[in-house]
Amino acid sequence: MKKVLITGITGQDGSYLSELLLEKGYDVHGLVRRHSNVDDQFKRIEHIRDKIELHYGDVSDSHSIYNVLESTRPDEIYNLAAQSHVRISFDMPQYTFDVNSTGVLHILETCKNILPKTKVYQASSSEIFGNRIDIDGFQREGTYKEPVSPYGCSKLLAHNLIGHYRRAYGMFACSGILFNHESPRRGLNFVTNKVVRSAVEIKKGMKNKLILGNLDARRDWGHAKDYVKAMYLMMQYYRPDDWVISTGETHSVRGLCDYVFKKLDMDYNDYVVTDKKFLRPEELNELKGMSVMARKSLKWEAEYTFESMLDEMIEYWNEKL
């Protein structure tokens, strides 16, 4: 039985990945931060709490990382822990780097010193590209990287650390450059779940408007359940590498609103208003990924479409509310 440690196990990706690895027969361990209010901390993994083992720690604390890795000695590590909200990274840049960059360094250094054969997956991000895009309109593994947020910069540093440790020390360290991926388990401060839940609340008479930022920003949105499968496939490949995971399609926030509100027999123009406080100091206009390498080498395919993903989220909030 392979043993795995998942940092950020209580998040959207961590919960889906835990379910997948349990199905594959893994002994699943998770790293969680201590919260003073734990009421909602474990809600995404409550249904599998009896099948996994949790350890308290923080990737920004090198001692806790060493202690957890030394005691569990996993075959694979999936580092999903992050300060993951781009807009908040402008307000908390140092904390963002402490978690997203220095945390990765702690994991790599510990593995290099005591677990050199352990495989490491790093959750990289399409935000590392910024507004750089290839001549054909896509972003791929070799696209020039010029992030436009502290979050993107922190993820690029971590991405480069993975490559360095792979080349310098022969470690199995890989990065998944995942484009936006959503689900009913997505945090409510992310635009997809914010739009879907708010639309359902408006339909049910629970609120009367939805406040957003840049409606013309375009993103490549997929489903988290599909994307954690890609993470697993990267770690089973015969050599470590960096992989773009994306749908290859983009939709605007405006188009997202239009689809969700129409599914609920409403016109988003009647309810959606914009507020400049939700705009970024430096905007990222469009993300559109080319995942040919993953589809050919890893045999990865997405099961969800943009529409079926949103349909599932609408159904979830309709039932929950």
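See above for the structure.
Thresholds applied
- Residues numbered from 1 in each chain as written.
- Predicted model: local features only at pLDDT ≥ 70, side-chain atom pairs only at ≥ 80, totals over all residues.
- Heavy atoms only, no water.
- Helix = DSSP H or I, 4+ residues; strand = E, 2+ residues; numbered from the N terminus.
- Rg over C-alpha atoms; globule rule 2.2 N^0.38 Å.
- Buried < 20%, exposed > 50% of the residue type's maximum accessible area, 1.4 Å probe, protein only.
- Contact = heavy atoms within 4.5 Å.
- Areas by Shrake-Rupley, 256 points an atom, 1.4 Å probe, with all protein chains shown as cover.
- Lys, Arg positive; Asp, Glu negative; His and termini not counted.
- Charge placed at Lys NZ, Arg CZ, Asp CG, Glu CD.
- 1 Å grid on protein atoms, 1.4 Å probe; cavity = no way out; pocket = protein on both sides within 12 Å on 5 of 7 lines; lining within 4 Å.
- Points joined across faces, edges and corners; volume = space filled by probe spheres on them.
- Nonpolar A, V, L, I, M, F, W, Y, C, P; charged D, E, K, R; others polar.
- Core = buried A, V, L, I, M, F, W, Y, C linked by side-chain atoms within 4.5 Å.
- Phe/Tyr/Trp six-rings, centres within 6.5 Å; stacked < 30°, edge-to-face > 60°.
- Pairing = 2+ DSSP bridges.
- Axes fitted to C-alpha atoms, helices over the stretch in contact; angles between N-to-C directions.

(A) Spatial organisation of the overall build of the protein chain. For the protein chain, the count of helices and strands is ten helices and 13 strands. Taking 321 residues into account, the globule formula puts the C-alpha radius of gyration at 20 Å, and the protein chain, at 19 Å, falls close to it. Counting only C-alpha atoms, the protein chain reaches 60 × 50 × 40 Å along its principal axes. A total of 321 residues make up the protein chain; the buried ones form 52% of that total. For the protein chain, long-range pairs separated by at least 24 residues make up 79% of all intrachain contacts whose partners lie at least 6 apart in sequence. Surface accessibility of the protein chain: about 14400 Å² in total, with carbon and sulfur atoms responsible for 47%. When the 44 positive and 45 negative side-chain charges of the protein chain are each reduced to one mean point, those points stand 1 Å apart.

(B) A look at the layout of surface pockets. Put simply, the second largest pocket is a space of about 250 Å³. Every residue lining the second largest pocket is counted, 13 residues in all, and those nearest its centre are Lys43, Arg44, Pro184, Arg185 and Tyr316. Where the lining of the second largest pocket is concerned, the elements lending two or more residues are helix H6 (191-203) and helix H10 (306-320). Counted by class, the lining of the second largest pocket contains four nonpolar, three polar and six charged residues.

(C) Structural view of the environment of Lys194. With respect to the secondary-structure elements, Lys194 resides in helix H6. Taking relative accessible area as the criterion, Lys194 reaches 22% and is therefore assigned partly exposed. The spatial distance from the C-alpha of Lys194 to the C-alpha of Leu212 is 9.1 Å, given a sequence separation of 18 residues. The contacts of Lys194, once residues within four sequence positions are left out, are Leu188, Leu210, Ile211, Leu212 and Phe278.

(D) Seen up close, the nonpolar core. Counting residues in each nonpolar core, the largest one holds 35 residues, and the members touching the most others are Ile6, Leu17, Leu21, Tyr78, Tyr121 and Met234. Residue assignment for this core shows that the elements contributing at least two residues are strand E1 (3-7), helix H1 (12-23), strand E2 (27-32), strand E5 (119-125), strand E6 (173-178), helix H7 (224-236) and strand E11 (242-245). Element by element, the count of residues in this core is highest for H7, at eight residues. For Leu17, the contacting residues outside a window of four places in its chain are Ile6, Tyr78, Leu80, Val228 and Met231.

(E) A look at unusual backbone geometry. Unusually for a residue other than glycine, Arg73 sits at a positive phi of about 45°. Checked against the element boundaries, Arg73 lands in the loop between helix H2 (62-72) and strand E4 (76-79). A relative accessible area of 42% places Arg73 in the partly exposed class. A positive phi angle is found at Lys299, which is not glycine, with a value near 60°. Residue position: Lys299 is located in the loop between helix H9 (292-297) and H10. Of the residues examined, Lys299 reaches a relative accessible area of 66% and is grouped as exposed.

(F) Structural context of the packing of aromatic side chains. In this structure the tally under the stated criterion is eleven aromatic pairs. With a centroid separation of 6.0 Å and an interplanar angle of 15°, the aromatic rings of Phe261 and Tyr271 are classed as stacked. You can see Phe261 sitting in helix H8 (residues 253-263) and its partner Tyr271 sitting in the loop between H8 and strand E13 (272-274), a full ten residues away along the chain. Judged by its relative accessible area of 24%, Tyr271 falls in the partly exposed class. Measuring from centroid to centroid gives 5.0 Å for Tyr316 and Trp317, while their planes differ by 80°, and the two rings are edge-to-face.

(G) Region of interest: the pairing of E4. Neither face of E4 is exposed, since Glu76 and Tyr78 on one face and Ile77 and Asn79 on the opposite face are all buried. Two strands pair when backbone bridges link them, and E1 and E4 are joined in this way by four bridges, in the parallel orientation. When the sheet's bridge partners are listed, Leu5 is paired in E4 with Ile77. Where E4 and E5 come together, four bridges link them in parallel fashion. Opposite Glu76, over in E5, you have Lys119 as the bridge partner.

(H) Fine view of the sheet that holds E1. Spatially, seven strands are ordered E3-E2-E1-E4-E5-E6-E11 in an open sheet, and the strand pairing comes out parallel. Edge positions in the sheet fall to strand E3 (53-56) and E11, since each has one partner strand and no second. Direction aside, the axes of adjacent strands within the sheet are offset by 20° on average. Along the sheet, helix H4 (residues 93-114) contacts E1, E4, E5 and E6; its crossing angle with E5, the most-contacted strand, is approximately 165°.

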